[in-house]
Amino acid sequence: MDRSHEYSLTERYRELSDDIAAAVAVVSARRGTTAHAITVDSFLDVSYDPPTMAVSIYSGSRMMETLEMSEHFAISVLASEQRDLSERLGATGQPLYRALAGVDHSPAPRSGQPIIGGAVAWFELRTVDILTVATHSLVVGEVVALGASPGSGQSRPLLRWRKAYGTIGPR
């Protein structure tokens, strides 16, 4: 089988999918008393009734193990000034414990999942389904609480586009 076509298709897909501007967020959940968090840019709203979102997580990751053990998780949409946090939580090999050490965060109202301080918006979700797709899992959650950090109406969201960070104007 000629795999050169497959390789070029994969590379071209990566190149073109990088042209899709995406908001950057932190997915967080607790495994026991330990908070786990990871940077993502593959999440979306699925339905307004009931409010439902989905996030794509690498199936073999520690974060996915945590999500499989937790009934709830949170998505915090980062503000443009939170780029350092995005890079820190998106780095490979981040420590399993104390991922949120020194990070402003508070417990979500219903489940206590970590909500990142200063986030443009946050969503607390109850897991309703996990679908395996290729190398990733789509974790689908029903929104049980949501909000925004004080003053976030003046914040600009952090975006990823073409392997770089940027933003757009405020609301």
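Our subject is the structure that appears above.
Source: prediction; values computed, not measured.

## Describing the layout of surface pockets
Logical step 1: Computed from the structure, the largest pocket encloses a volume of approximately 1500 Å³.
Logical step 2: In this structure, the largest pocket is lined by 40 residues; those nearest its centre are Thr 39, Asp 41, Ser 42, Ser 56 and His 136.
Logical step 3: Counting residues per element, the ones that place at least two in the lining of the largest pocket are helix H1 (4–17), strand E1 (22–23), strand E3 (34–40), strand E5 (51–58), helix H2 (62–69), helix H3 (83–90) and strand E10 (136–147).
Logical step 4: Classifying every residue of the lining of the largest pocket by side-chain character gives 21 nonpolar, 13 polar and six charged.
Logical step 5: Empty space within the second largest pocket amounts to approximately 230 Å³.
Logical step 6: Lining the second largest pocket are 13 residues, with Leu 44, Asp 45, Tyr 48, Met 53 and Phe 123 positioned closest to its centre.
Logical step 7: Mapped onto the lining of the second largest pocket, the elements with two or more residues apiece are strand E4 (43–48), E5 and E10.
Logical step 8: Ranked by residues supplied to the lining of the second largest pocket, first place goes to E4 with five residues.
Logical step 9: Residues of the lining of the second largest pocket, tallied by class, amount to 10 nonpolar, two polar and one charged.

Cut-offs used in this document
Residues numbered from 1 in each chain as written. Predicted model: local features only at pLDDT ≥ 70, side-chain atom pairs only at ≥ 80, totals over all residues. Heavy atoms only, no water. 1 Å grid on protein atoms, 1.4 Å probe; cavity = no way out; pocket = protein on both sides within 12 Å on 5 of 7 lines; lining within 4 Å. Points joined across faces, edges and corners; volume = space filled by probe spheres on them. Helix = DSSP H or I, 4+ residues; strand = E, 2+ residues; numbered from the N terminus. Nonpolar A, V, L, I, M, F, W, Y, C, P; charged D, E, K, R; others polar.

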